[in-house]
Amino acid sequence: MHCSRVLVLALLALSMAFMSPRLLGQTTIDVQFATGTTYTGAAVIGSGGDVWNKVTTASGGPTALNNVGGASSGASITWSSSRLFCGAIFGFSSTSYANLMRCYLVALQPSASGTITFAGLTPNASYSLYVYTQGDSATAGRRLTVTPAIGSAVTSTAAVATQSTFVAGQNYLQVAATADGSGNLAFTYASAASGLEANLNAIQLVPLGSPPPAVPTLTTFGAILLACGLAWFGVRAVRRVA
């Protein structure tokens with residue numbers, strides 16, 4: 001193949017690789033289950049200007065989701081619960097997280113569980129779920145179990161009704177989950193405390209880093225240029241001898 005064609009193909013491969021979403025990285029998606037004013041900003045993770053998607057019904061979907069930058073993520077969410085409830089008195093009520101933690105999905109005992117499904121994600125990709133769980137003033141003792149379709153179940157410790165800061169393993173869980181081959185990531189949530197309901201206030205879906213696809217490096221381009229240069233001088237030498 002002529003050197004110029006090799007260089008063109010190598011440059012094309014490099015540009016396509018840098019346009020790849022897997023190389024550029026996906027963006028976090030934040031979802032709150034609430035009525036009223038939509039929360040903006042960070043929770044356990046995130047930044048001050050982060051945009052949240054607000055879900056206002058007990059069940060529904062698929063609903064298109066924006067990423068934390070406010071742009072379309074290409075993903076959607078479908079959810080189910082026993083009801084959506086908003087408390088008047090709750091631990092976070094006097095904090096900057098009041099809008100985020102006031103309302104929540106409810107999974108009632110003894111047998112009810114809820115389901116959350118994200119669709120349109122990168123197939124077979126790994127994600128970290130931050131699942132927030134704290135109810136109103138009657139929340140004491142409640143526990144939440146989150147079970148991803150691909151991943152291991154995680155259960156919170158007993159809730160403290162007056163808790164006003166985020167406590168890992170108590171009012172939020174970090175859950176490792178994987179999307180299936182169709183780009184769907186599903187999990188169920190249910191109560192882990194006998195006779196008590198389970199609550200789910202919000203979710204942050206964070207894509208985990210994955211190795212970028214192999215792309216031509218500057219070293220590769222140097223090798224190509226060297227090979228082309230040697231070939232060109234070889235052709236010139238042959239022509240002179242002839």
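Residues numbered from 1 in each chain as written. Predicted model: local features only at pLDDT ≥ 70, side-chain atom pairs only at ≥ 80, totals over all residues. Heavy atoms only, no water.

Draft legend 1. Here's a closer look at the nonpolar core. The biggest cluster of nonpolar side chains holds 30 residues, and the ones touching the most others in it are Phe 33, Ile 116, Phe 118, Leu 129, Leu 185, Phe 187 and Tyr 189. When near neighbours in sequence (up to four residues on either side) are disregarded, Tyr 189 contacts Ser 80, Ser 81, Leu 105, Ala 107, Ser 113, Gly 114, Thr 115, Ile 116, Leu 144, Thr 145, Val 146 and Leu 200. Residues Ala 43, Trp 52, Leu 100 and Phe 166 belong to the second largest nonpolar core, which totals 14 residues. (Core = buried A, V, L, I, M, F, W, Y, C linked by side-chain atoms within 4.5 Å. Buried < 20%, exposed > 50% of the residue type's maximum accessible area, 1.4 Å probe, protein only. Contact = heavy atoms within 4.5 Å.)

Draft legend 2. Representation of the pairing of strand E4 (residues 72-80). Here strand E3 (residues 60-66) pairs with E4 via 4 bridges, running antiparallel. Within E4, the position partnered with Thr 63 by the bridge is Ile 77. Joining the antiparallel neighbours E3 and E4 is a turn of 5 residues, in which Gly 70 adopts a positive phi near 90 degrees. Across 5 bridges, E4 lies against strand E7 (residues 113-119) in antiparallel orientation. Bridge pairing in E7 places Ser 76 opposite Ala 119. (Pairing = 2+ DSSP bridges. Helix = DSSP H or I, 4+ residues; strand = E, 2+ residues; numbered from the N terminus.)

Draft legend 3. Examining the packing of aromatic side chains more closely. In this structure the tally under the stated criterion is 10 aromatic pairs. Summarising the aromatic geometry, the rings of Phe 92 and Tyr 97 are spaced 6.3 Å apart at their centres and angled 85 degrees between planes, so their arrangement reads as edge-to-face. Taken together, a centroid distance of 4.9 Å and an interplanar angle of 35 degrees make the contact between Phe 92 and Phe 166 tilted. On the criterion of sequence distance, the pair formed by Phe 92 in the loop between strand E5 (83-86) and helix H3 (98-101) and Phe 166 in the loop between strand E10 (154-155) and strand E11 (172-178) is long-range, its members being 74 residues apart. Pairwise contacts between aromatic rings join Tyr 39, Trp 52, Phe 92, Tyr 97, Tyr 130, Tyr 132, Phe 166 and Tyr 172 into one cluster. (Phe/Tyr/Trp six-rings, centres within 6.5 Å; stacked < 30°, edge-to-face > 60°.)

Draft legend 4. Highlighting the state of the cysteines. Summed over the entire model, instances satisfying the criterion amount to 1 disulfide. A sulfur-sulfur distance of 2.0 Å marks the disulfide that ties Cys 86 to Cys 103. Its S-S torsion of about 110 degrees marks the bond between Cys 86 and Cys 103 as right-handed, since a negative value means left-handed. Note that Cys 86 is positioned in strand E5 and Cys 103 in strand E6 (residues 103-107), a separation of 17 residues in sequence. For Cys 103, a relative accessible area of 1% puts it in the buried group. (Disulfide = S-S within 2.5 Å.)

Draft legend 5. Examining unusual backbone geometry more closely. For the peptide bond that leads from Gly 61 to Pro 62, omega is 0 degrees, which places it in the cis range. Looking at where Pro 62 falls in the secondary structure, it is placed in strand E3.

Draft legend 6. Here's a closer look at the confidence of the model for the chain. For the chain, the average pLDDT comes to 83, and 75% of its residues sit at 70 or higher. This stretch, residues 6-25, has a pLDDT under 50; its non-local contacts, to residues over four places away or in other chains, come to 25 contacts. Across residues 210-238, where pLDDT falls below 50, the model places 18 contacts with residues more than four positions away in sequence or in other chains. (pLDDT = per-residue confidence, 0-100.)

Draft legend 7. Representation of the side chain of Thr 145. One can find Thr 145 in strand E9 (residues 144-148). One polar contact links Thr 145 to Thr 155, side chain to side chain, over a distance of 2.7 Å. Beyond its immediate stretch of four places on either side in the chain, Thr 145 contacts Ala 153, Val 154, Thr 155, Thr 188, Tyr 189, Ala 190 and Ala 192. (Polar contact = N/O pair within 3.5 Å; in protein donor to acceptor, adjacent residues only side chain to side chain.)

Draft legend 8. Spatial organisation of the pairing of E6. Across the 5 residues that make up E6, a large majority, 5, are buried. Where E5 and E6 come together, 4 bridges link them in antiparallel fashion. Bridge assignment links Phe 85 to a residue of E6, and that residue is Tyr 104. Across 3 bridges, the pairing between E6 and strand E13 (residues 198-200) is antiparallel. Its bridge partner lying in E13, Ala 107 is registered against Ala 198.

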